[in-house]
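Survey of secondary and tertiary structure
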Amino acid sequence: MIHVIAVITAKPGQREAILEAARANMPAVHAEKGCIEYGPAVDADGLGSFQTKLGPDTFMVIEKWESVEALKAHSAAPHMAAYAAKVKDLIASRVIHVLSPAG
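Right, let's walk through the structure included here. (Residues numbered from 1 in each chain as written. Predicted model: local features only at pLDDT ≥ 70, side-chain atom pairs only at ≥ 80, totals over all residues. Heavy atoms only, no water.)

Moving on, we come to the overall build of the protein. Counting its regular elements, the protein contains three helices and four strands. Each helix (α) and strand (β) of the protein, taken in turn from the N terminus, gives the series β-α-β-β-α-α-β. Once the C-alpha set of the protein is aligned to its principal axes, its extents read approximately 40 × 35 × 20 Å. Counting every position in the protein, which comprises 103 residues, the buried fraction comes to 35%. For the protein, long-range pairs separated by at least 24 residues make up 78% of all intrachain contacts whose partners lie at least 6 apart in sequence. For the protein, the exposed area adds up to about 6,300 Å²; of that, 58% sits on carbon and sulfur atoms. The positive charge centre, built from 10 side chains, and the negative charge centre, built from 11, are 4 Å apart in the protein. (Helix = DSSP H or I, 4+ residues; strand = E, 2+ residues; numbered from the N terminus. Buried < 20%, exposed > 50% of the residue type's maximum accessible area, 1.4 Å probe, protein only. Contact = heavy atoms within 4.5 Å. Areas by Shrake-Rupley, 256 points an atom, 1.4 Å probe, with all protein chains shown as cover. Lys, Arg positive; Asp, Glu negative; His and termini not counted. Charge placed at Lys NZ, Arg CZ, Asp CG, Glu CD.)

Attention now moves to the packing of helix α1 (residues 15-30) against helix α3 (residues 78-87). Relative to each other, α1 and α3 sit at 175°, their axes nearing to 10 Å. When the interaxial angle is binned, α1 and α3 end up roughly antiparallel. Here Ile18, Ala21, Ala22, Asn25, Ala28 and Val29 of α1 lie close against α3, whose contacting residues are His79, Met80, Tyr83, Lys86 and Val87. Of the residues that constitute the contact of α1 with α3, the class distribution is eight nonpolar, two polar and one charged. (Axes fitted to C-alpha atoms, helices over the stretch in contact; angles between N-to-C directions. Parallel < 35°, antiparallel > 145°, perpendicular 65-115°, else oblique. Nonpolar A, V, L, I, M, F, W, Y, C, P; charged D, E, K, R; others polar.)

Right, let's get into the environment of alanine 82. Structurally, alanine 82 can be placed in helix α3. By relative accessible area, which is 45% here, alanine 82 ends up partly exposed. For the pair alanine 82 and alanine 21, spaced 61 residues apart in sequence, the C-alpha to C-alpha distance is 9.9 Å.

A few words now on α1. Since the α-helix advances by 3.6 residues per turn, residues separated by three or four positions end up pointing in the same direction. Relative to the 22 Å expected for 16 residues at 1.5 Å per residue, α1 spans 22 Å between its end C-alpha atoms, a close match to the ideal helical length. At alanine 24, α1 shows its maximal bend, which comes to roughly 35°, and the proline proline 27 appears one to four places after that position. Regarding α1, the residues found buried are Arg15, Ile18, Leu19, Ala21, Ala22, Asn25, Met26 and Val29. Buried residues in α1 make contact with β1 (2-10), β2 (35-41), β3 (58-65), α2 (68-76), α3 and β4 (91-99). (Expected span 1.5 Å × (residues − 1). Bend = angle between axes of the 7 residues up to and from the residue.)

The analysis is restricted to geometry; functional conclusions fall outside its scope.
Following this line, the structure appears as structure tokens:
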């Protein structure tokens, strides 16, 4: 299994527009061969100093894939290219961590 944590920071005030595009793209991603989990996440409320917040412009996309091959196919999928083109001018930064289980 491969884990992906994508940290996306929107240009000020643009996070919701990116999230709308991501949500619209999710059915196509979930239908991909090898997709176990894929979805955006934002800061939870009410935890006080227990958590380190991402802030109002940042969110994460948390992903699990059956294999490296499935992740590579996802990265090359036409719907991902269309999503990237739609949001590219709204993104300030993007950091993608690709991880293997440590167990």
